[in-house]
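Below, each chain spelled out in residue letters.
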Amino acid sequence: MIKFFRHIRKSLIQENKMVKYFKYAFGEIILVVIGILIALQINNWNEQRIKNNLKYQYTVSMISDLKLDIKKIEEYQNYNKNEIEAMDTLATYIQQEVKDVMQLNDLSFSLNLGILSRLNTSTYEALINSGNVDLYKQEIRNELIRHHGYQSSYLKSAELNNSVFYETMNSYLQSAPVFETPWIPNSIRNDVWKTMDKKPFLSSFNALLLQRRFVLRRYDINYKELKKSTINIISILERNI
């Protein structure tokens, strides 16, 4: 093809047809420019296709992570509901049935909070660390950052509440060996229980019950807010697949 164009130019020059030669040369330049523009456009299309495919993969993965979060949140919501009901039942029982502090030795209840302490943030973190967050429009980036901030705030709160609660629980357990353990025989446990000062125990026992109930109630609200935020970001991402 190049030889063909060269032959045409040579013929025009030899025939002294300079006007036609310049017209032809100008047309050839235009063809080259058009060819370059087409090549650039094809390259841009390929780059955009790659970006769109990468964005799709991130989006699908984030939606999957968030749906797993929803499932976990609902599990802990159900756990919370049952534990709050159990705490209320226990409080009513103590108020109506327990006449002597010695009866508390026979009570048993959960010493765990069962707080959701992990969320699926791996895809979002990979998106940020790779610098590919620019694949999304600014308004979507803002929503992703907002939701991740809410997740981080929630997890810090969960860690703090766990820490404070278990400090209270340890204080309670040190007040009296009220639960059977493999390393303390029942005979020793009962002897200690009978002879100990009940006032510090009652204070720790009451603090533990109140704190556990407060934290469960607080997280009943937190789970609703976290679930609402998660559903919202899933909806935004699904509209942008």
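Residues numbered from 1 in each chain as written. Predicted model: local features only at pLDDT ≥ 70, side-chain atom pairs only at ≥ 80, totals over all residues. Heavy atoms only, no water.

Let us now look at the overall build of the protein. A count of helical and extended segments in the protein gives six helices and zero strands. The order of helices and strands in the protein, counted from the N terminus, is α-α-α-α-α-α. A total of 241 residues make up the protein; the buried ones form 33% of that total. When contacts within the protein are restricted to residue pairs at least 6 apart in sequence, long-range pairs at least 24 apart make up 82% of them. For the protein, the accessible area works out to roughly 15,800 Å², and carbon and sulfur atoms hold 57% of it. (Helix = DSSP H or I, 4+ residues; strand = E, 2+ residues; numbered from the N terminus. Buried < 20%, exposed > 50% of the residue type's maximum accessible area, 1.4 Å probe, protein only. Contact = heavy atoms within 4.5 Å. Areas by Shrake-Rupley, 256 points an atom, 1.4 Å probe, with all protein chains shown as cover.)

This next bit is on the confidence of the model for the protein. Residue-level pLDDT values for the protein average 81, and 79% of them are 70 or greater. Element-level mean pLDDT values for the protein span from 52 in helix 1 (residues 2-14) up to 94 in helix 3 (residues 122-130). (pLDDT = per-residue confidence, 0-100.)

The subject of this paragraph is a nonpolar patch on the surface. On the surface, Ile30, Ile34 and Ile38 cluster together into a nonpolar patch covering about 250 Å² of accessible area. With respect to the helices and strands, the residue Ile34 is situated in helix 2 (residues 18-97). (Patch = residues over 30% accessible without salt bridge, like charges linked within 9 Å, V, L, I, M, F, W, Y side chains within 5 Å. Salt bridge = Lys/Arg side-chain N within 4 Å of Asp/Glu carboxyl O.)

Glancing now at the nonpolar core. A general tendency of soluble globular proteins is for nonpolar side chains to be buried together. Within the largest apolar cluster, 29 residues are counted, with the highest numbers of intra-cluster contacts made by Ile115, Tyr154 and Phe205. When residues of this core are traced back to their parent elements, those giving at least two are helix 2, helix 4 (138-175) and helix 6 (198-238). For this core, the element with the most residues is helix 6, which contributes nine residues. With 16 residues, the next largest nonpolar core counts Ile70, Leu127, Ile140 and Ile233 among its residues. (Core = buried A, V, L, I, M, F, W, Y, C linked by side-chain atoms within 4.5 Å.)

Two aromatic rings, taken as a pair, are described by how far apart their centres are and by the angle between their planes. Counted by the stated rule, this structure contains five aromatic pairs. Geometrically, the ring pair formed by Tyr76 and Tyr223 is tilted, given 6.3 Å between the ring centres and 50° between the ring planes. Linking Tyr76 in helix 2 with Tyr223 in helix 6, this pair joins segments that are 147 residues apart in sequence. Its relative accessible area of 0% is what places Tyr223 among the buried residues. Counting every residue linked through ring pairs, the aromatic cluster contains Tyr76, Tyr154, Tyr219 and Tyr223. (Phe/Tyr/Trp six-rings, centres within 6.5 Å; stacked < 30°, edge-to-face > 60°.)

Let us look at the environment of Leu144. Looking at where Leu144 falls in the secondary structure, it is placed in helix 4. When its relative accessible area of 4% is taken as the criterion, Leu144 is described as buried. Sequence separation between Leu144 and Tyr124 is 20 residues, and the spatial gap between their C-alpha atoms is 8.1 Å.

Another point: the side chain of Thr121. Assignment of secondary structure puts Thr121 in the loop between helix 2 and helix 3. Those residues in contact with Thr121 that lie beyond four places of it in its chain are His148 and Gln151.

Tallied over the entire structure, the rule returns nine salt bridges. With its nearest N and O atoms 2.7 Å apart, the salt bridge here joins Arg212 to Glu83. Residue Arg212 is located in helix 6, and its partner Glu83 is located in helix 2; the two are separated by 129 residues in the primary sequence. Connected through salt bridges with shared partners, the residues Asp88, Arg213 and Arg217 form a single ionic network.

Before going further, it helps to examine the side chain of Lys55. By secondary structure assignment, the location of Lys55 is in helix 2. Of the side chains bearing the opposite charge, Glu139 lies closest to the buried Lys55, which forms no salt bridge; the N-O distance is 9.4 Å. Filtering out sequence-adjacent residues up to four positions away, Lys55 remains in contact with Leu135, Tyr136 and Asn240. (Lys, Arg positive; Asp, Glu negative; His and termini not counted.)

Mapping Ser110 onto the fold places it in the loop between helix 2 and helix 3. Look at Ser110 and you get partly exposed, because its relative accessible area is 26%. Sequence separation of Ser110 and Arg212 is 102 residues, and the distance between their C-alpha atoms is 9.7 Å. In this structure, Ser110 is in contact with Tyr79, Glu83 and Arg212, ignoring residues within four places of it in sequence.

Attention now goes to the environment of Tyr124. With respect to the helices, strands and loops of the structure, Tyr124 is situated in helix 3. According to the relative accessible area criterion, Tyr124 is buried, its value standing at 12%. Expressed as a C-alpha distance, the spacing of Tyr124 and Met62, which sit 62 residues apart in the sequence, is 6.6 Å. When neighbours within four sequence positions are excluded, Tyr124 is seen to be in contact with Met62, Leu144, Ile145 and His148.

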